[in-house]
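Report on the structure
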Amino acid sequence: MGLALCACLLASVSGVRADNDEYDQLESHPLRLVAYLIHPLGYALEWLVARPIHYLVSRPGLEDVFGHRGDHADQR
């Protein structure tokens, strides 16, 4: 019984490969290299500019002034 169970388990296991960090040709594309440089700038702008602005215009008293329509826009 134990041997049959072991054989079933071994037969059901698919080939598993370790995730390696091999070099991929897509990582050398010139636009990918530019994106590596631009992404931190976009990330910083989102957190330092866009999110604070959204926070201000989405406040309950200011939503109508700025025309912000949030998740509850379909309920109006």
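Refer to the structure printed above.
A quick note: this is a predicted structure, and the numbers were derived from the prediction, not measured. (Residues numbered from 1 in each chain as written. Predicted model: local features only at pLDDT ≥ 70, side-chain atom pairs only at ≥ 80, totals over all residues. Heavy atoms only, no water.)

1. Looking at the overall build of the protein
Rules: Helix and strand assignments come from DSSP, with helices taken as H or I runs of at least 4 residues and strands as E runs of at least 2, each series counted from the N terminus. A 1.4 Å probe rolled over the protein chains alone gives each residue an accessible area, and that area as a share of the maximum for its type sets the label: buried under 20%, exposed over 50%, partly exposed in between. In short, Shrake-Rupley with a 1.4 Å probe defines the accessible areas, and a residue's cover is counted only from the protein chains shown.
In terms of regular secondary structure, the protein is built from three helices and zero strands. In the protein, the succession of α and β elements from N to C terminus is α-α-α. Considering the protein as a whole, with its 76 residues, one finds that 7% of them fall into the buried category. Summed over its atoms, the accessible surface of the protein is roughly 7300 Å², and 65% of this surface lies on carbon and sulfur atoms.

2. Quick word on the pattern of salt bridges
Using the following cut-off: By definition here, a salt bridge exists when the distance from a side-chain nitrogen of Lys or Arg to a carboxyl oxygen of Asp or Glu is within 4 Å.
Per the stated rule, a full pass over the model turns up one salt bridge. A salt bridge links Arg51 to Glu46; the shortest N-O distance between them is 2.9 Å. Judged by relative accessible area, Arg51 falls into the partly exposed class, the value being 41%.

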